[in-house]
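Residues per chain, in single letters:
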Amino acid sequence: MSKHDELLVSIAALVESGQSNQMSLTVVTGGAVITGRLAPESAWRQRVSEVLTDSTHLGEFSVIFDTAAEKNGPPTHLHFHVARILQGTVGIPETGGMYRVAIEDINAWTVGDFSYSDH
């Protein structure tokens, strides 16, 4: 088992304990760069559930996200909202998405998020 980055685990734990969604972070995982704001897992699950509930074809999956996660030990995942995968000069999706990333899969990270400008 790999050793988790203690600083990143501490950031995730603080987001979870403070129920804050203002911490911006950029991570590299599996060759992808993801940038956005962290959310507590409960808020992230609620928002994903809402999106699925509003979907004609995926509504039945919303109940999976309504179930509260078990809290055993330190956080194992980061939960991004209004996040983008950076590809060239664009962020996908432009409006931001919801991503869950395993902390053990993160190769590099920095505080803050990246955005592009044509100016």
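Relevant structure appears above.
In what follows, the accompanying structure is described. (Residues numbered from 1 in each chain as written. Predicted model: local features only at pLDDT ≥ 70, side-chain atom pairs only at ≥ 80, totals over all residues. Heavy atoms only, no water.)

### What about the nonpolar core?
The criterion, for reference: Note on terminology: a nonpolar core comprises buried Ala, Val, Leu, Ile, Met, Phe, Trp, Tyr and Cys residues joined through side-chain atoms within 4.5 Å. Accessible area is worked out with a 1.4 Å probe on protein chains only. A residue is then buried under 20% of its type maximum, exposed over 50%, and partly exposed in between. Helix and strand definitions here come from DSSP, where helices need a minimum of 4 consecutive H or I residues and strands a minimum of 2 consecutive E residues; each element is numbered from the N-terminal end. Note on contacts: a residue pair qualifies if any of its non-hydrogen atoms lie within 4.5 Å across the two residues.
Leu25, Val27, Ile34, Leu38, Leu78 and Phe80 are the most contacted members of the largest nonpolar core, which has 16 residues in total. Listing elements by their share of this core, those giving two or more residues are helix H1 (6-18), strand E1 (24-29), strand E2 (32-38), strand E3 (77-87) and strand E4 (90-102). The element best represented in this core is H1, accounting for 5 residues. What Ile34 contacts, discounting residues up to four positions off in sequence, is Leu25, Thr26, Val27, Thr29, Phe80, Ala83, Arg84, Ile85, Tyr99 and Val101.

### A short note on the pattern of salt bridges
Pairing between side chains becomes possible if they bear opposite charge and their charged atoms approach one another. Rule in force here: For this document, the term salt bridge refers to a Lys or Arg side-chain nitrogen within 4 Å of an Asp or Glu carboxyl oxygen.
By the definition in use, this model includes 3 salt bridges. A salt bridge links Arg47 to Glu50; its shortest N-O distance comes to 3.4 Å. Remark: Glu50 and Arg47 occur in helix H2 (residues 41-53); sequence separation between them is 3 residues, near one turn of the helix. Taking the relative accessible area as the measure of exposure, Glu50 reaches 34% and is therefore partly exposed. Several salt bridges converge on common partners, so that one network encompasses Glu41, Arg45 and Arg100.

### Notes on the sheet that holds strand E5 (residues 106-111)
Put simply, the rule is: At least two bridges found by DSSP between two strands is the condition for calling them paired. Between the N-to-C directions of two axes lies an angle of 0 to 180 degrees, each axis being a line fitted to C-alpha atoms and, for a helix, fitted only over the stretch in contact.
One open sheet holds the 5 strands; their spatial order is E4-E3-E2-E1-E5, and the pairing between them is antiparallel. At either margin of the open sheet sits one strand with a lone partner, and together these are E4 and E5. The sheet shows a mean angle of 35 degrees between the axes of neighbouring strands, direction not considered. Across 5 bridges, E1 lies against E5 in antiparallel orientation. Bridge pairing links Thr29 to Ile106 in E5. Running at roughly 125 degrees to E4, H2 makes contact with E3 and E4 of the sheet.

### Focus: the packing of aromatic side chains
Quick note on the threshold: Two rings belonging to Phe, Tyr or Trp (six-membered ring only in the last case) form a pair when the distance between their centres is within 6.5 Å. Interplanar angles under 30 degrees mark stacking, angles over 60 mark edge-to-face geometry, and anything in between is tilted.
Summed over the entire model, instances satisfying the criterion amount to 1 aromatic pair. Between the aromatic rings of Trp44 and Phe65, the centroid separation amounts to 6.1 Å while the plane-to-plane angle is 65 degrees, which identifies the pairing as edge-to-face. Of this pair, Trp44 sits in helix H2 while Phe65 sits in helix H3 (residues 62-66); the two residues are 21 residues apart in sequence, bridging distant segments of the chain. Assessed through its relative accessible area of 22%, Phe65 is described here as partly exposed.

### Comments concerning the environment of Trp44
Here is the rule: Polar contact is the term for a pair of N or O atoms within 3.5 Å; when the atoms are in protein, one must be able to donate a hydrogen and the other to accept it, and sequence-neighboring residues count only if both atoms are side-chain atoms.
Overall, the relative accessible area of 7% leaves Trp44 in the buried class. In this structure, the C-alpha to C-alpha distance between Trp44 and Arg84, residues 40 residues apart in sequence, is 15 Å. If near-sequence neighbours (up to four positions away) are discounted, Trp44 is found in contact with Ala39, Phe65, His79, Phe80, Met98, Tyr99 and Arg100. For Trp44, the side chain forms a polar contact with the main-chain oxygen of Phe80, separated by 3.2 Å.

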